[in-house]
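# Architecture and fold: a report
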Amino acid sequence: KKFESGFILDPICITPSMTLAQLEEIRRKSGWKGFPVTEDGKMGSKLLGLVTKRDTDWIAEGSTLVSQLMTPLKDLTVAPEGINLTDANQILKDCKKGKLPVVTANGQLV
């Protein structure tokens, strides 16, 4: 199960070196529109940013790298590991964002 009580427990992570064409293929297969970008494309590694459909809507060049399109970590709102659903939802409401990555103190996606 990938989703529990509002938390996505096992998201599909991607690397910053992935191309837009590769990303579109993952979107097509998974049905998801937004993805965390991590150093090695896996959970538990350092979060670098997020890429959403909005980031790529106007880009036509399939060879464009995710690193050029993603919203970088410095521009994201994140929550600390261990946050409860009520507090996470309040952060989302306050910052008016649709996604709230949960990270460790070292910046690793959990």
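Cut-off values and rules
- Within any chain, residue numbers begin from 1 and follow the written order of that chain's sequence.
- Given that the model is predicted, a residue must reach a pLDDT of at least 70 before its local features are reported, and side-chain atom pairs must reach 80 or more before they are shown or counted; all residues, however, enter totals for whole chains, interfaces and linings.
- Only hydrogens and water are set aside; all other atoms, that is, all heavy atoms of the structure, feed into the side-chain values.
- Starting at the N terminus, helices and strands are each numbered in turn, a helix being any DSSP run of H or I of at least four residues and a strand any DSSP run of E of at least two.
- We take the radius of gyration over the C-alpha atoms and set the globule estimate at 2.2 Å times the residue count to the 0.38 power.
- Exposure classes here rest on a 1.4 Å probe applied to the protein chains alone. A residue is buried below 20% of its type maximum, exposed above 50%, and partly exposed in between.
- Only heavy atoms enter the contact rule, under which two residues are in contact if any of them lie within 4.5 Å.
- The method behind every accessible area is Shrake-Rupley, applied with a 1.4 Å probe, and residues are considered shielded solely by the protein chains displayed.
- Whether two strands pair depends on DSSP finding at least two bridges between them.
- Working definition of a nonpolar core: buried Ala, Val, Leu, Ile, Met, Phe, Trp, Tyr and Cys residues. They are joined through side-chain atoms within 4.5 Å.
- The directions considered for the arc are those from the helix axis to the C-beta atoms.

This brings us to the overall build of the protein chain. Scanning the protein chain for helices and strands turns up 4 helices and 7 strands. Listing every helix and strand of the protein chain by position from the N terminus yields β-β-α-β-β-α-α-β-β-α-β. The globule rule puts the C-alpha radius of gyration for 110 residues at 13 Å, and the 14 Å found for the protein chain is close to it. Overall size of the protein chain, expressed as C-alpha extent along the three principal axes, is 40 × 30 × 25 Å. The buried share among the 110 residues of the protein chain stands at 34%. Sequence separation of 24 or more characterises 49% of the internal contacts of the protein chain that already satisfy a separation of 6 or more. A total of about 6,800 Å² of accessible surface is found on the protein chain, and carbon and sulfur atoms cover 53% of it.

For the rest of this paragraph, the subject is the pairing of strand β4 (residues 47-51). Consecutive side chains of a regular strand alternate in pointing toward one face of the sheet and then the other. Counting buried residues in β4 gives 4 out of 5 residues, a clear majority hidden from the surface. Looking at chain direction, β4 and strand β5 (residues 71-72) are connected through 2 bridges and run antiparallel. When the sheet's bridge partners are listed, Leu-50 is paired in β5 with Thr-71.

This next bit is on the nonpolar core. In terms of nonpolar packing, the biggest core is built from 10 residues, these being Ile-14, Met-18, Leu-20, Leu-23, Phe-35, Val-37, Val-51, Val-66, Leu-69 and Met-70. Broken down by secondary-structure element, the contributors of at least two residues to this core are α1 (20-30), β3 (35-38) and α3 (66-69). Sequence-distant contacts of Val-66, that is, excluding residues within four places in its chain, are made with Ile-14, Thr-15, Pro-16, Met-18, Thr-19, Leu-23, Val-37 and Val-51. Cys-13, Leu-47, Leu-76 and Leu-109 belong to the second-largest nonpolar core, a separate cluster that totals 6 residues.

This paragraph deals with the side chain of Thr-104. Counting through the fold element by element, Thr-104 comes out in the segment after β7 (102-103). Judged by relative accessible area, Thr-104 falls into the buried class, the value being 15%. The residues contacting Thr-104, other than those within four sequence positions of it, are Glu-81 and Val-110.

Here the focus is α1. For α1, the full list of buried residues reads Leu-20, Leu-23 and Arg-27. Axial view of α1: buried residues confined to an arc of 55°, hence all on one face. Facing away from the buried side of α1 by more than 90 degrees, the exposed set consists of Arg-28 and Lys-29. Tucked inside the fold, the buried residues of α1 contact β3, β4, α2 (53-56) and α3. Just beyond α1, the residue with positive phi is Gly-31, at close to 85°.

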